[in-house]
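Residue-level structural notes
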Amino acid sequence: MSSSELINRADEFDQQLISYQGEAIGEIVKTNDYAWVNVYDGTNAISVHLPAQFRGMIKYRGSYNYRGDELKISGIFNRACPQHGGIIDIHAQAVNIIRPGSPIRHGVEKKKVELSIFALLIAFLSVAMAVRRKR
Amino acid sequence: MILLKSRFSDLKIISFYLGKVAVTIAIAMLIPLGFAIFFLEHAVVYDFIIGFSAAVSLGYFLIARCHTNDDLNWAQGMVVVALSWLIAAFLGAIPLYLSGHFRCFLDAYFDAMSGFATTGLTLIQDLDHLSKAHNIWRHLIMFLGGQGIVVFVISFLFSGASGTLRLYVGEARDQRVFPNVINTARFIWSVSLVYFFLGSIALMLAGIMNGFTLKTSLFEAVCLFMAAFDTGGFTPHSQSIIYYHSFSYEIITIIIMILGAINFKLHYELWNGNRQELTRNIEIKTFTFSVISIFCLISISLANFEAYPNYMSLFRQGFYQLISAHTGTGYQTIYGPQFLNQWSEFSLIALIIAMSLGGGICSTTGGIKMLRLGVIYKALLQDINRILMPGSSVVVEKLHHVKDMILEDKLVRSSLIITFCFFFLFMAGALIGTFLGYPFLAALFESTSASANVGLSCGITSPTMPLLLKLTYILQMWAGRLEFIAVFILGGFIIAFMKGR
């Protein structure tokens with residue numbers, strides 16, 4: 001099930017057992033015996049409410065520096081969760097890691113370095129021109 | 001109408017002031033550059049060096065080539081303001097585009113304009129993997145735009161030029177807190193910075209309660225505050241406020257959004273202990289009446305539609321979206337398509353009305369604004385009284401906005417003109433959206449959101465939407481933020497340049 005299907009056909013899947021797959025992103029929000037993890041499938045992120053026991057198994061969460069763990073969630077989908085202020089969410093019953101996440105290496109592009117040097121040079125010349133004009 | 005041909009000296013003085021605006025944008029870019037270094041985002045550093053250099057080059061080139069000691073006249077001031085926002089969005093889009101999170105430069109320009117105009121509609125892709133430096137930049141441009149780009153320039157780069165009043169007024173700020181525009185601009189910044197510290201601390205504590213680390217809580221708090229107080233609506237995550245799963249975040253952002261929607265002149269009165277103003281001011285009265293009545297309509301409609309399983313959910317979702325819409329912020333606790341799928345048409349129309357109304361004059365909100373609405377209402381009352389009273393009676397209508405004022409035809413006329421222009425803009429965008437194949441109500445929702453600089457989306461705004469619609473929304477965000485006058489004068493200036501005698 002994709003996030004678009006869940007959002008656009010929410011009435012149809014309300015209170016149904018569904019399966020959803022995507023990358024764990026951002027921080028895990030901790031509550032007493034549960035946790036929230038946001039799972040992004042490439043289009044939208046859906047909130048997943050997890051029992052605390054699953055919390056520790058998620059090692060990587062997507063951010064600028066990391067590709068998050070790819071999770072497969074089975075659980076009850078809520079169109080407007082009565083427990084959680086009426087949001088769309090999934091109450092997970094089972095969580096599996098399909099593919100572990102990893103750090104993302106952001107290499108410096110040679111083109112950008114060259115462009116930076118060139119742009120700085122032009123900026124310096126413009127400032128010099130303005131200072132000279134003022135004098 | 002006789003159009004006087006614009007002279008070369010007009011272009012020179014306009015370019016000189018635009019140069020100053022470009023330099024200001026360059027200075028602002030040093031902040032995300034610092035963040036990139038602090039967070040060890042080395043690859044990102046170059047995006048901001050390029051953006052900074054482009055802004056410095058353009059700024060100092062214009063300052064050097066067009067240096068003048070002449071003061072701005074009204075027309076030149078308005079043209080400077082109108083062009084400042086286009087140039088600021090262009091320069092602001094450079095590091096965004098270099099992030100690689102946009103399909104094309106136009107998409108990055110769309111986001112930059114949305115940021116500066118404090119709209120909040122976005123075409124960014126894969127936001128959850130964006131660097132912290134780029135995220136800070138997105139929110140910072142929203143903060144600068146909310147205060148007013150020109151107010152920022154006036155605060156830091158001018159020293160008493162009388163042309164500052166023209167720039168200040170051109171940026172849709174009808175009122176001054178102090179007689180001196182520079183003092184007013186500095187007051188606006190002082191208020192914002194005090195709230196910045198208080199609001200950020202409150203949001204940071206909410207983050208820590210959520211189990212976030214101190215560093216993450218602080219980062220999220222700073223971003224959220226800038227976008228909430230300036231009624232912008234960007235967030236560092238694709239899910240908007242849903243991401244946080246926190247009632248505390250919702251309450252704190254509601255308070256910050258309302259503070260952002262209050263007239264800075266009213267902030268000044270409250271800071272000076274004049275609490276009576278809260279109960280007497282026409283803007284506060286109109287805003288309170290509007291929020292209560294629209295919330296009642298939305299609640300009844302959502303309850304009849306069985307959109308939510310209980311009253312608490314209905315209140316949390318309905319009230320949050322209403323405040324977000326009315327203050328022109330655009331934070332969402334529901335996904336865009338849910339507006340169309342789960343909200344009734346009536347509640348959508350009520351939300352569109354809330355979006356169109358906005359907050360206080362001389363606040364960070366967009367839209368028609370409360371003072372104008374109050375003035376139109378008072379004018380209507382006055383006309384009814386005139387008809388009911390004997391012919392020889394003189395009917396005087398008063399309103400209280402910081403001081404008691406007599407309702408004058410001039411004020412009514414200007415309020416009606418701006419209101420009419422907004423309605424025209426809402427409808428024009430809606431018709432273009434409908435022409436491109438979207439349902440009318442959805443097109444009107446998105447068009448109103450763009451024109452009134454709100455940022456709520458029912459799902460139309462996406463990187464795949466038609467080019468014409470992207471251009472339409474950019475134009476709407478720009479014209480709506482400047483409240484038309486500066487845009488009209490720019491149009492007149494261009495026509496005069498080509499056809500004038």
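Residues numbered from 1 in each chain as written. Chains lettered and ligands numbered in written order. Predicted model: local features only at pLDDT ≥ 70, side-chain atom pairs only at ≥ 80, totals over all residues. Heavy atoms only, no water.

As a further point, take the overall build of chain B. Across its full length, chain B carries 21 helices and two strands. By the compact-globule yardstick of 23 Å for 501 residues, chain B fits well, its C-alpha radius of gyration being 22 Å. With respect to the three principal axes, the spread of C-alpha positions in chain B is 65 × 60 × 50 Å. Expressed as a percentage of the 501 residues in chain B, the buried residues total 63%. Sequence-distant contacts, at least 24 apart, represent 74% of the contacts inside chain B between residues at least 6 apart. Split by element, the accessible area of chain B, about 18900 Å² in all, is 69% carbon and sulfur. (Helix = DSSP H or I, 4+ residues; strand = E, 2+ residues; numbered from the N terminus. Rg over C-alpha atoms; globule rule 2.2 N^0.38 Å. Buried < 20%, exposed > 50% of the residue type's maximum accessible area, 1.4 Å probe, protein only. Contact = heavy atoms within 4.5 Å. Areas by Shrake-Rupley, 256 points an atom, 1.4 Å probe, with all protein chains shown as cover.)

All names here are of chain B. What the domain assignment reports for chain B is domain 1 (1-173) and domain 2 (404-499). Placing the centre of domain 1 and that of domain 2 at their C-alpha centroids yields a distance of 21 Å. With 38 residues of domain 1 in contact, the opposing surface of domain 2 contributes 33 residues. Around 2800 Å² of area is buried between domain 1 and domain 2 when both sides are counted, 75% of it from carbon and sulfur atoms. Interface area lost by domain 1 to domain 2 is led by Phe110, Thr119 and Leu121, which between them contribute 20%. At the junction of domain 1 with domain 2, the criterion picks out one salt bridge. In this structure, Asp107 engages Lys470 in a salt bridge whose closest nitrogen and oxygen atoms are separated by 2.9 Å. Linking domain 1 with domain 2 are five residue pairs in polar contact (both at pLDDT 80 or more). Per element, the largest residue contribution to the side of domain 1 that touches domain 2 is eight residues, and it comes from helix 3 (residues 74-98). Tallied by class, residues from the side of domain 1 that touches domain 2 come to 21 nonpolar, 11 polar and six charged. (Domains from an automatic or database assignment. Buried area = accessible area lost by both parts, 1.4 Å probe. Salt bridge = Lys/Arg side-chain N within 4 Å of Asp/Glu carboxyl O. Polar contact = N/O pair within 3.5 Å; in protein donor to acceptor, adjacent residues only side chain to side chain. Nonpolar A, V, L, I, M, F, W, Y, C, P; charged D, E, K, R; others polar.)

The subject of this paragraph is the pattern of salt bridges. Two side chains with opposite charge may pair up if their charged atoms get near one another. All names here are of chain A. Counted by the stated rule, this structure contains 16 salt bridges over all chains. With its nearest N and O atoms 3.9 Å apart, the salt bridge here joins Arg61 to Glu27. Of this pair, Arg61 sits in the loop between helix 3 (52-55) and strand 4 (66-67) while Glu27 sits in strand 1 (residues 17-30); the two residues are 34 residues apart in sequence, bridging distant segments of the chain. Linked by salt bridges that have partners in common, Glu5, Arg9 and Glu12 make up one network.

Bringing the layout of surface pockets into the picture now. In this structure, the second largest pocket spans a volume of roughly 930 Å³. Thr43(A), Asn44(A), Thr122(B), Ser238(B) and Thr461(B) are, among the 37 residues lining the second largest pocket, the residues nearest its centre. Those elements that provide at least two residues to the lining of the second largest pocket are helix 1 (3-8) of chain A together with helix 15 (336-341) of chain B. Each of domain 1 (1-173) and domain 2 (404-499) of chain B gives at least three residues to the lining of the second largest pocket. (1 Å grid on protein atoms, 1.4 Å probe; cavity = no way out; pocket = protein on both sides within 12 Å on 5 of 7 lines; lining within 4 Å. Points joined across faces, edges and corners; volume = space filled by probe spheres on them.)

Moving on: the sheet that holds strand 5 (residues 70-78) of chain A. Residues and elements named next belong to chain A. Pairing is mixed around the closed barrel formed by five strands, whose spatial order is 1-2-3-6-5. Averaged over neighbouring strand pairs, the angle between their axes works out to 55° when direction is ignored. When strand 1 meets strand 5, the two strands line up antiparallel, connected through seven bridges. Across the sheet, the residue bridging to Tyr20 is Ile73, located in strand 5. (Pairing = 2+ DSSP bridges. Axes fitted to C-alpha atoms, helices over the stretch in contact; angles between N-to-C directions.)

Bringing the interface of chain B and chain A into the picture now. Accessible area lost when the parts come together is the quantity often used to give the size of an interface. Of the residues lining the interface, 46 residues belong to chain B; the matching set on chain A comes to 48 residues. Sorting the residues of chain B by area buried against chain A places His129(B), His245(B) and Tyr335(B) first, and these three jointly supply 17% of that buried surface. If you look at where chain B meets chain A, you find one salt bridge. Of the charged contacts, one joins Lys112(A) and Asp47(B) as a salt bridge, the two residues approaching to 2.8 Å between their closest N and O atoms. Counting only elements with at least two residues in the side of chain B that touches chain A, the list comes to helix 2 (42-65), helix 14 (311-326) and helix 15 of chain B. No other element matches the 13 residues that helix 2 of chain B contributes to the side of chain B that touches chain A.

Among the nonpolar cores identified, the biggest contains 170 residues, and Phe116(B), Trp137(B), Phe339(B) and Phe445(B) are the most heavily contacted of them. Of all the elements, helix 1 (residues 8-38) of chain B adds the most residues to this core, at 14 residues. Split by domain, the residues of this core number at least three in each of domain 1 (1-173) and domain 2 (404-499) of chain B. Not counting the four nearest positions on each side in its chain, Phe116(B) is found in contact with Ile25(B), Trp85(B), Ala88(B), Ala89(B), Gly92(B), Ile141(B), Leu144(B), Gly145(B), Gly146(B), Ile149(B) and Arg481(B). Grouped together as the second largest cluster of nonpolar side chains are 25 residues, Leu6(A), Phe13(A), Ala35(A) and Ala92(A) included. (Core = buried A, V, L, I, M, F, W, Y, C linked by side-chain atoms within 4.5 Å.)

As a further point, take the pairing of strand 5 of chain A. Relative to strand 6 (residues 89-99) of chain A, strand 5 of chain A runs antiparallel, the two being bridged by nine bridges. Bridge assignment links Gly75(A) to a residue of strand 6 of chain A, and that residue is Ala92(A).

Pairing geometry for strand 3 (residues 45-51) of chain A and strand 6 of chain A, over three bridges, is parallel. Its bridge partner lying in strand 6 of chain A, His49(A) is registered against His91(A).

All names here are of chain B. Positive phi values are uncommon outside glycine, yet Asp126 reaches one of about 50°. Look at Lys369: it is not a glycine, yet its phi comes out positive at around 85°. In this structure, Lys369 sits in the loop between helix 16 (345-357) and helix 17 (370-388). With a relative accessible area of 4%, Lys369 lands in the buried category.

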